[in-house]
Amino acid sequence: MKKWIYLCLFCFLGAQCLMAQQAWTKPKGKYFAQIGVSTLPYNGVLIDNEVKLLNRRIRHTSLQFYGEYGISDRWMVSLIVPVIFEKSTLQKTVDPSEPQGGSLTALSNIDAGVSYNFYQKNGIVLTAKVNAVLPTARYDAKTGLRTGIDAFALEPSILAGLGRSKYFSSIELGYGYRSNDYSSLVLGAFQIGKYMGKQKRLIGIFNINLHISNKDGKYDDANSIYTATYLNDLRYLAPGFKFGYKIGSGWMVWANIRGALGVAEFIGSNEALTPGLSFSISHTN
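Quick summary incoming for the structure in this document.

Cut-offs applied
- Residues numbered from 1 in each chain as written.
- Predicted model: local features only at pLDDT ≥ 70, side-chain atom pairs only at ≥ 80, totals over all residues.
- Heavy atoms only, no water.
- Helix = DSSP H or I, 4+ residues; strand = E, 2+ residues; numbered from the N terminus.
- Buried < 20%, exposed > 50% of the residue type's maximum accessible area, 1.4 Å probe, protein only.
- Contact = heavy atoms within 4.5 Å.
- Areas by Shrake-Rupley, 256 points an atom, 1.4 Å probe, with all protein chains shown as cover.
- Phe/Tyr/Trp six-rings, centres within 6.5 Å; stacked < 30°, edge-to-face > 60°.
- Lys NZ or Arg CZ within 6 Å of the ring centre and 35° of its normal.
- Salt bridge = Lys/Arg side-chain N within 4 Å of Asp/Glu carboxyl O.

1. A closer look at the overall build of the protein
- Secondary structure assignment for the protein yields zero helices and 16 strands.
- Going through the 285 residues of the protein one by one, you find that 49% of them count as buried.
- Summarising the internal contacts of the protein: among those between residues at least 6 apart in sequence, 66% fall at separations of at least 24.
- Counting only carbon and sulfur atoms, one obtains 62% of the accessible surface of the protein, whose full area is about 13000 Å².

Below you can see the structure in the form of structure tokens.
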């Protein structure tokens, strides 16, 4: 079953972190730390090419910490710790057998990664990376809300980067194995960015995230089908723009706007086509 989530909240976990998609690793003893918040309202889902309103409005908010640390000049570890705040508000009376309104606050899936830079010359960088996604999320059957997938995942990937004086770009291609009868995934990401201004305080980045289910699992989404939170067999292509501004030595503030291709099909929905937004602050030594 092909499922395109309205404005695609799934693209936020990890995607809001600037450095998560980059092929460059931190030198030994150097770190990058970022904390941010994302918000997204939605009320529809597209299943088998047919729009289905959820009869409820979901507000998805995440508070997320992301960190990188160079343990050598080639090896780097990373960590993502997200806390999810979700609220479901009924927009009409629903059958008593369906999930009712309510809220859920809990950890999402903690993501721990290790990266190895095996080539770097003339601005070209090649890096291998493995992420372990831990089953730390929660599910509430009464509301149908989830804060993440109910599985352990292992996601190896290859990243390539190109750095030039006027711009930088990177691409990532990976595979995701997930336990508990979840479908495996093909994962992809691309970004291109540029520093702007005489002092290069402003940075703009265009990025795309790809998430394709191989539809080889039979996990039961249960009541989550009513809220469209972290469904199995999900597919999306999500473009976004990031903007960062240096505010001091090592400090930057960030804004990110992100949507999903295919959203125009929801114009008939009674929910405004509001893109997902995130804001964060980062520090590096």
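2. Observations concerning the environment of M196
- Within the element layout of this structure, M196 appears in strand β12 (residues 185–196).
- Note on M196: relative accessible area 32%, which makes it partly exposed.
- Each C-alpha atom of the pair M196 and Y167 lies 9.6 Å from the other, and the pair is 29 residues apart in sequence.
- Apart from the residues lying within four places of it in its own chain, the contact partners of M196 are R201, L202, I203 and G204.

3. What about the packing of aromatic side chains?
- Scanning all chains against the criterion turns up six aromatic pairs.
- Taking the centre distance of 4.1 Å and the plane angle of 20° together, the rings of Y182 and Y219 count as stacked. Residue Y182 is found in the loop between β11 (168–178) and β12, and its partner Y219 is found in the loop between β13 (202–213) and β14 (235–248); the two are separated by 37 residues along the sequence.
- Given a relative accessible area of 15%, Y219 falls into the buried group.
- Aromatic rings pair up to connect W24, F168 and Y195 into one cluster.
- Here the basic side chain of R146 rests over the ring of Y139, its NZ or CZ set 4.1 Å away from the ring centre.

4. Observations concerning the pattern of salt bridges
- According to the stated counting rule, one finds one salt bridge in the structure shown.
- Note that E98 and R56 form a salt bridge whose closest N and O atoms lie 3.6 Å from each other. Taken as a pair, E98 in the loop between β4 (75–90) and β5 (102–107) and R56 in strand β3 (residues 50–70) lie far apart in primary sequence, 42 residues in all. Note on accessibility: E98 and R56 belong to one class, buried.

5. Overview of unusual backbone geometry
- In this structure, N55 is a non-glycine residue whose phi angle is positive, near 60°.
- Along the polypeptide, N55 turns up in strand β3.
- We classify N55 as partly exposed; its relative accessible area is 25%.
- Positive phi is not limited to glycine here, since K200 has a value of about 55°.
- Relative to the assigned elements, K200 resides in the loop between β12 and β13.

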